[in-house]
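# Observations on the model geometry
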There are 2 protein chains.
Amino acid sequence: MKKLSMVDKGFLIGESREQPMHVGGLNLYTLPEGADEQSFLEGLAQNMRDAEALLPPFGDRLKTGRLGTLGNIYWEPDPSMDMDYHIRHSALPKPGRYRELFNLVSRLHGTLLERSRPLWEMHLIEGLQNRQFAVYTKTHHAAIDGARSIHVSRNMLSPDPNHVRTDSPLSLASWEAYKANLREGKKQPYSESELRTVNDIIKSSFGSGVNAINALRELGRAWTDSSSELAVPHLHVPRSPINGKIDGARRFVAQSWSFDRIKRVAAAFDGTFNDAVLAMCSGAMRKYMMLHSELPADSLKAMVPVSLRQESDLDAGNAIAAISADLATDIGDPAARIAAIQASVRAGKDYFRGMSNAEIELYSLAMAFPTLVLLPLGLISRLPPYNLAISNVPGIRQPMYWNGARLDGTYPLSIVTDGMALNITLVTYDKNVDFGIIACRRSMPAMQRLIDYMEDSLQELEDAAGFAVKTPKSGAKPKVVKKKATARKPVAKAKPAPKAKLKPKTKANAKTKRKAATGTATKKTAASKAASSKPKTKPKTKRASVKKAARAKVNRAKPKAVKPKNAN
Amino acid sequence: MKKLSMVDKGFLIGESREQPMHVGGLNLYTLPEGADEQSFLEGLAQNMRDAEALLPPFGDRLKTGRLGTLGNIYWEPDPSMDMDYHIRHSALPKPGRYRELFNLVSRLHGTLLERSRPLWEMHLIEGLQNRQFAVYTKTHHAAIDGARSIHVSRNMLSPDPNHVRTDSPLSLASWEAYKANLREGKKQPYSESELRTVNDIIKSSFGSGVNAINALRELGRAWTDSSSELAVPHLHVPRSPINGKIDGARRFVAQSWSFDRIKRVAAAFDGTFNDAVLAMCSGAMRKYMMLHSELPADSLKAMVPVSLRQESDLDAGNAIAAISADLATDIGDPAARIAAIQASVRAGKDYFRGMSNAEIELYSLAMAFPTLVLLPLGLISRLPPYNLAISNVPGIRQPMYWNGARLDGTYPLSIVTDGMALNITLVTYDKNVDFGIIACRRSMPAMQRLIDYMEDSLQELEDAAGFAVKTPKSGAKPKVVKKKATARKPVAKAKPAPKAKLKPKTKANAKTKRKAATGTATKKTAASKAASSKPKTKPKTKRASVKKAARAKVNRAKPKAVKPKNAN
């Protein structure tokens, strides 16, 4: 019997109906040509179930003593392992759009796993349009090992569309074969230890008591440091609707963007892929808050794991730190905003430059430590360490197949907690970047619009980079959601149907969208204009000056809180 | 703000992930001729959502103070009532049989409601075969008022197939109209106060601290009483696999039987409808335990709410008590078994004969009280008060419609607890009796076969009553499930696909089934024979002697525990 670590125990102790501690993944596939959906999915399920011995922890359940989760906790084999319980068939109601898929996955992600069984579920979902099907997987964060989970999912997939599995990808035997293959081939871009580091950092960001005393000492050093660009958790983190207490229901949306499109923006501003992603998210959050709640005067801060190696496309590597990135949501101009974000990320990285890997790890734990103290005291919503989390997980950069079914996209569903009701996680896969966005349902009632705002934000960045686009930007129709609804009217009636589309947004289809949207552009309200217009105090920067701005310290006047104006 | 009663608070305090305290209902409908499933269901959902003000508690959420659920708890209106969250569209994977429906409903019933929202969910389920659709409703036992819940469900239905609702059945306005109609018409067979009594009894059986001291005093009297036929909770209640600790997953099956068929058996044995139902369940439990686990030497005892008025078909009335019925599962002969059950029920009722309604209520609470003491001590699985619960809820004895969709059946899903992993609840509707059976998934791995065994049991009673049937009884193929599986093989592989059929089992189709089964009858194993054969110590009773046996005290030799024999 394997004993659980302190970190993993933390996920069990910290869990509640309102704050489940599992992570999820949604994979979208296209059925192989000629395959019948029902029998194909039944075949996949049967293949998964057919394992004589399961790879840990898929066959193990928790074993506690008299002290419950407060005492020692072990993994023990489940004596009556019930694969039908863990591997499930689900279906979407008609018309089977992504909207119905996101609804189902939001619900599935918003319920607790059953603690007396192995802590995972897998849902094969049928009923999607265009011969697609989906697989949603849910695993407890106390059970998952980052490295293992990524490798397990890779073990299911093959670059060969004609490859058909015979053994269960959850079996111990197939796992051993996969590992042997890894050692021989060396084709895998990330080692188990590299991925474990990412996993540990991400885990520790949710609170860990490891090395608590050292961590506190380090934290003190960070707080009193004079580096002005460095964003420190809890310091100048504004309060906002996404930083209160959460409830137990979730909203999930997903969207793919072309990797090249984001990379091109990054290059134009002499930044990393990660900088461009942060700028995209920042613009979307600025717009969301202006239109649906209230934009805080202080900029939003995001918890971001970053690489400390030479600048690379994916920010991956064996020295990874969790930094607090200033999202510069107080800056209207997209070029100035990405410059401020870059400066903040660079300062965060510079801070680690002289440290050993061990020191970096310690520091990252230290940054996460206050969460552990504040969470049980109920103070986390008053002193949020960050406003949201944005993580970038490196994936496979080529098309992959599961028994001939093409993997079209892979979207992560992370954890939201009191004080941090929004999590954006992205995976690079094939030629796309797949974003999975999860939020507390009550804290972000119009959350599904974030994907439209992210597209708008990316287009603004493209405009600022000087990529010639003439037609006006399309925007989701602005809609003011009252912060405190007094009537009993269902919120649902106040919002139009979200547009769910997962097709990667390329420049080509973005242009089409713009043309189509031209007719409605005149309907823009004052609030919408405010969200997209550049502030008057800043000159419109051209591409040449952008790079300069990125390097210079941005002189930021703190604007007053911008309240949304009712359109009528 | 309405304050929660002690009883209702108990359901919140006693709740855990393993032991949710909500009740459910599954209604099956047939689409009106020509109606499109998708638009019809969308119409129903839209109609439900369209309520300006909601009937309490559908728009109310819990409000606790600093002490949480230990302090006072109130209902307060949810300031951001989100009808899309509560009213959901779901679909069944193909081929959309009852098997897929039961799977989905088992899962939905096995997750906790979200406590920061009004404590109910409603799922409109599409994808069934034969133009049927289903509605699963889930309401917390702390929120539901028995009377209200039955009336709310009636308020949705109409005896007129052409009636189409315009107002939401969940609206306060439609509720007021319904109540006014009730007062005028007096057509409803049960008053609100009558139904409230049933509700309170059922609720109190799950543990309540009301009048605890009086209750204890009354209990002492019951335990020392000399009446030998009277079954008292915790006394001679055998331990069995359905009386251990439960986990958080459920199995649900449902089945309808012809009311007349059961009533005919009851009449043959000079018993009530309820006696025949208990005998049917008893035979099924005896067979289940012999084939799948171990039949205890002592007879199983069931918690049964009964009417104390003159014998009536439905055992309904304003004086209702919870009795402990001896299911006589130690007796192989069906006639002798129903006689023993009748004697036990009669003794239970006789005990209440001289009491006032208030005394009866107090006594029923007293019987339930030990549960409250034992549950927190973790002793409930060692000293189960009953082995299972069998409740009979009077329903509407005519066909009903929801916007033209015919209600085909209405199946309850109750609560299972530590120590009582099985609950059988039935509703009389139109010409049928609709059974809803819910169990802990781990405690009863082959639970879905109970519906076949109940049919077998009913046929045995028909044989014993002398209703001429020549062909041998059909039995589900006996299968021995090892109590402690050592291999990692999924349990699913050890059992054949359950036969899910909800069509009422009439004598006519029962005969057909027998004929079809004749060919396989020779495959019976020793274990199967033991389950169906009459014990040698008892003479085969004919119909005339049955009534006599029912009145006489049954001389029961305690048989030794019958262990299932492995078929191979």
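The text that follows walks through the structure, step by step, so that each part is easy to find. (Residues numbered from 1 in each chain as written. Chains lettered and ligands numbered in written order. Predicted model: local features only at pLDDT ≥ 70, side-chain atom pairs only at ≥ 80, totals over all residues. Heavy atoms only, no water.)

If you rotate chain A by 180° and push it 0.0 Å along the axis, it lands on chain B with an RMSD of 0.0 Å. Classification of the inter-copy transformation places it as that of a two-fold axis. Considering only C-alpha atoms, the residue of chain A closest to the rotation axis is A:Ala91, which sits at 2.6 Å. A high fraction, 98%, of the interface residues of chain A reappear at the interface in chain B, so the copies pair face to face through one surface. (Least-squares fit on C-alpha atoms with pLDDT ≥ 70 in both. Contact = heavy atoms within 4.5 Å.)

For any two helices packed against each other, one specifies the crossing angle of their axes together with the interaxial distance. Residue and element names in this part refer to chain B. At a minimum axis separation of 10 Å, helix α9 (residues 259-268) and helix α13 (residues 450-464) run at an interaxial angle of 45°. As far as their axial angle goes, α13 and α9 are oblique. Helix-helix and strand crossings are classified by hand; for α9 and α13 the assignment is left-handed. Here Arg261, Ile262 and Val265 of α9 lie close against α13, whose contacting residues are Glu455, Leu458, Gln459, Leu461 and Glu462. Across the contact of α9 with α13, the residue classes break down as four nonpolar, one polar and three charged. (Axes fitted to C-alpha atoms, helices over the stretch in contact; angles between N-to-C directions. Helix = DSSP H or I, 4+ residues; strand = E, 2+ residues; numbered from the N terminus. Parallel < 35°, antiparallel > 145°, perpendicular 65-115°, else oblique. Left-handed = near helix turned anticlockwise from the far one by under 90°. Nonpolar A, V, L, I, M, F, W, Y, C, P; charged D, E, K, R; others polar.)

So, about the interface of chain A and chain B. On the chain B side, the residues contacting the 53 residues of chain A number 52 residues. In total, about 4,400 Å² of surface goes out of reach between chain A and chain B, with carbon and sulfur atoms giving 43% of it. Joining chain A to chain B, the criterion identifies 12 salt bridges. A salt bridge links A:Asp78 to B:Arg442, with the nearest nitrogen and oxygen atoms 3.0 Å apart. For the pair chain A and chain B, the interface holds 24 residue pairs in polar contact (both at pLDDT 80 or more). (Buried area = accessible area lost by both parts, 1.4 Å probe. Salt bridge = Lys/Arg side-chain N within 4 Å of Asp/Glu carboxyl O. Polar contact = N/O pair within 3.5 Å; in protein donor to acceptor, adjacent residues only side chain to side chain.)

On to the side chain of A:His140. Residue and element names in this part refer to chain A. Within the element layout of this structure, His140 appears in strand β7 (residues 132-140). Taking relative accessible area as the criterion, His140 reaches 0% and is therefore assigned buried. Polar contacts involving the side chain of His140 include one to the main-chain amide nitrogen of Ala142, which spans 2.9 Å. (Buried < 20%, exposed > 50% of the residue type's maximum accessible area, 1.4 Å probe, protein only.)

Turning next to the packing of aromatic side chains. Aromatic ring pairs: the centre-centre distance and the angle between the two ring planes describe each pair. Applying the stated criterion to the full structure yields 17 aromatic pairs over all chains. With a centroid separation of 5.2 Å and an interplanar angle of 85°, the aromatic rings of A:Trp257 and A:Phe435 are classed as edge-to-face. Residue A:Trp257 is found in strand β8 (residues 250-258), and its partner A:Phe435 is found in strand β15 (residues 432-440); the two are separated by 178 residues along the sequence. For the pair shown, A:Trp257 and A:Phe435 are each scored as buried. Between B:Phe259 and B:Phe273, the ring centres sit 5.0 Å apart and the planes meet at 35°, which makes this aromatic pair tilted. (Phe/Tyr/Trp six-rings, centres within 6.5 Å; stacked < 30°, edge-to-face > 60°.)

Assignment of secondary structure puts A:Thr137 in strand β7. Linking A:Thr137 and A:Ser153, residues 16 residues apart in sequence, is a C-alpha distance of 10.0 Å.

A separate point is the sheet that holds strand β4 (residues 68-77) of chain B. Residues and elements named next belong to chain B. The antiparallel open sheet is built from three strands, whose spatial order is β1-β4-β3. A single partner strand is all that each edge strand has here, and the edge strands are β1 (2-3) and β3 (60-65). In terms of strand pairing, β3 meets β4 through six bridges, oriented antiparallel. By the bridge assignment for β4, Asp60 is matched with Pro77. (Pairing = 2+ DSSP bridges.)

Take helix α13 (residues 450-464) of chain A next. All names here are of chain A. Look at α13: 21 Å from first C-alpha to last across 15 residues, which is about the 21 Å you get at 1.5 Å a residue. Burial analysis of α13 places 14 of its 15 residues in the buried class, the great majority of the element. Directly after α13, the chain includes Gly466, whose backbone phi takes a positive value near 90°. (Expected span 1.5 Å × (residues − 1).)

On to unusual backbone geometry. With omega at 5°, the peptide bond leading from A:Lys94 into A:Pro95 counts as cis. Following the sequence through the fold, A:Pro95 ends up in the loop between β5 (87-91) and α4 (98-109). Cis rather than trans, the peptide bond between B:Pro56 and B:Pro57 has omega equal to 5°. The residue B:Pro57 is located in the loop between α2 (37-49) and β3 in this model. At A:Asn130, a residue that is not glycine, the phi angle is positive and equals roughly 55°.

Okay, helix α9 (residues 259-268) of chain A next. All names here are of chain A. Taken as a whole, α9 has its buried residues at Phe259, Arg261, Ile262, Val265, Ala266 and Ala268. The N-terminus of α9 is capped by Ser258, whose side-chain oxygen sits 3.3 Å from the backbone nitrogen of Asp260. The positive-phi residue at the C-terminal boundary of α9 is Asp270, with phi of around 55°.

Before going further, it helps to examine the sheet that holds strand β3 (residues 60-65) of chain A. Residues and elements named next belong to chain A. The three strands are arranged β1-β4-β3 in an open sheet whose pairing can be described as antiparallel. Each edge of the sheet is formed by a strand with only one pairing partner; in this case those strands are β1 (2-3) and β3. Note that β1 and strand β4 (residues 68-77) share two bridges and pair antiparallel. Paired with Lys2 across the strands is Trp75, a residue of β4.

Residue and element names in this part refer to chain B. Across the nine residues that make up strand β8 (residues 250-258), a large majority, nine, are buried. Judged by which residues are buried, β8 turns out to be covered on both faces: Arg250, Phe252, Ala254, Ser256 and Ser258 on one side and Arg251, Val253, Gln255 and Trp257 on the other are all buried. Relative to strand β15 (residues 432-440), β8 is paired through nine bridges, and the arrangement is antiparallel. Within β15, the position partnered with Ala254 by the bridge is Gly436.

Turning our eyes to something else, we now look at the pattern of salt bridges. A complete count under the given rule lists 45 salt bridges over all chains for this structure. Across the pair A:Asp430 and A:Arg406 runs a salt bridge whose closest N-O atoms are separated by 2.8 Å. Of this pair, A:Asp430 sits in the loop between β14 (422-429) and β15 while A:Arg406 is found in strand β13 (residues 405-413), placing the two residues 24 residues apart along the sequence. The class for A:Asp430 is buried, based on a relative accessible area of 12%. The salt bridge involving B:Arg88 is made with B:Glu121; its shortest N-O contact spans 3.8 Å. Here B:Arg88, found in strand β5 (residues 87-91), pairs with B:Glu121, found in strand β6 (residues 120-126); they are 33 residues apart in sequence, far enough to count as distant.

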